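Inside the fold
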Amino acid sequence: MVKQEVTGTWITLEKDLTLRVPSDPNVGYIEGDGVGPDIWAASSAVMDAAVARAYGGARKIHWFELMAGEKALKETGEWLPEKTLEDIRQCVVAIKGPLTTPVGEGLRSLNVTLRQVLDLYACVRPVRYFPGVPSPMKNPERVNMVVFRENTEDVYAGIEWSAGSPEALRLKGFLEKEFGVKLPDEPGIGIKPMSRAGTQRLVRRAIRYALDRKLASVTLVHKGNIMKYTEGAFRKWGYELAASEFAAETVTEAEVAEKYQGKAPEGRVVIKDRIADSMFQQALLRPSEYQVLATPNLNGDYLSDALAAQVGGLGMAPGANIGDQCAMFEATHGTAPKYAGLDKINPGSLILSGAMMLEYLGWGEAARLMEQALAATIQSGVVTYDLARQMEGAREVRCSEFGRAIIDRMGG
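Below is a short write-up of the structure. (Residues numbered from 1 in each chain as written. Predicted model: local features only at pLDDT ≥ 70, side-chain atom pairs only at ≥ 80, totals over all residues. Heavy atoms only, no water.)

Counting 94 residues, the largest nonpolar core has Val218, Leu293, Leu307, Met357, Leu358, Met370 and Met410 as its most contacted members. The biggest single contributor to this core is helix α1 (residues 36-55), with nine residues. Not counting chain neighbours up to four residues away, the residues in contact with Met370 comprise Val46, Met47, Ala50, Ile351, Gly354, Ala355, Leu358, Ile406 and Met410. (Core = buried A, V, L, I, M, F, W, Y, C linked by side-chain atoms within 4.5 Å. Buried < 20%, exposed > 50% of the residue type's maximum accessible area, 1.4 Å probe, protein only. Helix = DSSP H or I, 4+ residues; strand = E, 2+ residues; numbered from the N terminus. Contact = heavy atoms within 4.5 Å.)

Another aspect to go through is the sheet that holds strand β7 (residues 144-150). The sheet built from 11 strands is open, its strands ordered β4-β3-β5-β15-β14-β6-β7-β13-β10-β12-β11 with mixed pairing. The outermost strands of the open sheet, each flanked by one partner alone, are β4 (62-65) and β11 (250-252). Going from strand to strand, the sheet's axes swing by 25° on average, the running direction of each strand aside. Judged from the four bridges that link them, strand β5 (residues 93-96) and strand β15 (residues 327-331) form a sheet pairing that is parallel. From the neighbouring strand, Ile95 faces β15, where its bridge partner is Phe329. α1 contacts β3 (26-30), β4, β5 and β15 of the sheet and is inclined by roughly 155° relative to β4. (Pairing = 2+ DSSP bridges. Axes fitted to C-alpha atoms, helices over the stretch in contact; angles between N-to-C directions.)

Before going further, it helps to examine the packing of aromatic side chains. Tallying each qualifying case throughout the model produces nine aromatic pairs. Ring geometry for Tyr29 against Trp40: centres 4.7 Å apart, planes inclined by 5°, an arrangement best described as stacked. Residue Tyr29 is found in strand β3, and its partner Trp40 is found in helix α1; the two are separated by 11 residues along the sequence. Neither Tyr29 nor Trp40 differs from the other in exposure class; each is buried. Consider the rings of Tyr55 and Trp363, whose centres lie 5.8 Å apart with planes at 65°: the pair is edge-to-face. You can see Tyr55 sitting in helix α1 and its partner Trp363 sitting in the loop between α11 (348-360) and α12 (364-379), a full 308 residues away along the chain. For the residue pair Tyr55 and Trp363, the accessibility class agrees, reading buried in each case. (Phe/Tyr/Trp six-rings, centres within 6.5 Å; stacked < 30°, edge-to-face > 60°.)

Among the five residues of strand β14 (residues 318-322), five are classified as buried, and the element is accordingly described as predominantly covered. Neither face of β14 is left uncovered, since the one carrying Pro318, Ala320 and Ile322 and the one carrying Gly319 and Asn321 both have all their residues buried. As paired elements, strand β6 (residues 122-128) and β14 share three bridges and run antiparallel to each other. Within β14, the residue paired with Ala122 across the bridge is Ile322. Here β14 runs beside β15; their pairing, made up of five bridges, is antiparallel. Pairing of Asn321 across the sheet is with Met328, part of β15. Between β14 and β15, which pair antiparallel in sequence order, lie four residues.

This part covers the pattern of salt bridges. Applying the stated criterion across every chain, the model contains 22 salt bridges. In this structure, Glu14 engages Arg20 in a salt bridge whose closest nitrogen and oxygen atoms are separated by 2.6 Å. Here Arg274 ties to Glu253 by a salt bridge, and the two come within 2.9 Å at their closest N and O atoms. Of this pair, Arg274 sits in strand β12 (residues 269-275) while Glu253 sits in helix α8 (residues 253-259), placing them 21 residues apart in sequence. Judged by its relative accessible area of 32%, Glu253 is partly exposed. One salt-bridge network, held together by shared partners, links Glu31, Glu65 and Lys71. (Salt bridge = Lys/Arg side-chain N within 4 Å of Asp/Glu carboxyl O.)

What follows is the structure, encoded as structure tokens:
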């Protein structure tokens, strides 16, 4: 692997974890597999143009390539080289396209591995509607939520053993003997660890997000009516965190009803909770009542994809995995290998993730330019095939042409 020339300045972290972002930051990128190179080329051009237009050349991203996935395997013999992890830590902020999940070899999932090894504990998924995007909903514009999904715990952390394996049989014997648990013959077994510390750092980040943006509520989504000591604890620990660290800035839904005649005090974020299955129904029937959702790992995976479907699908859904030491922004869809190299796929997810990244860097002006130009492009009917086939009178364009159309709408 050829050593890259470093042309910019590294982003650094203060002791209080505040980012110090220079005007010429090195930002890491993983091109991605399958359609990754196509959407990266379109998206990076949009990001570069937005930064140039917003700051008149006074700021510029210096892209630093990170090796992962099929390209890394070809060049290094590894799906995820250790040097890549070191480079991400050095960059502090990075963005990536979709990565292949190795089949029958290597890591279980490159995405999960990145989250766990780098302790990117918060999966942040904003879901909003862009006018003109086809949606199965009558009023998709009512959906405007941000999902904060815990990334490192729960059954989705992947602590499990296959049915009939020596480990599963040994654990079955232990559980039956020591705890009187009755299990079926040759079960597959997974473990669902959830901790106070893991829960509260996620909820802390969700509440700060709501406070910074003056949003009305944070909702803890859980299945605590059944899994009382894991998901029920998630609910309990979330409320405890709000009371201990944000007592002056938050109020519970129960307090609003009992003390404030159903109207939250001005400037305070309402902390509430919903059972997971009820939340799915609420997302469909009363989406405007929810702004920020804080969820355990598996529930958040389901819920964020379901919300994305309400506003047009994963092609328009951005995302990020954020920890205290570094952050990785990403396209939320898969590699779509049958479209690889065809310059066809919608780059919207990665473009919007790029806008999230610019906002995270403190470059909000460039982020808003990107979002506004993307919205204007869609409203004009210039879209990629996935949207064109559902929009009457649309003009279908290639991935690269869609990116150029967005740039054209940023203005001089």
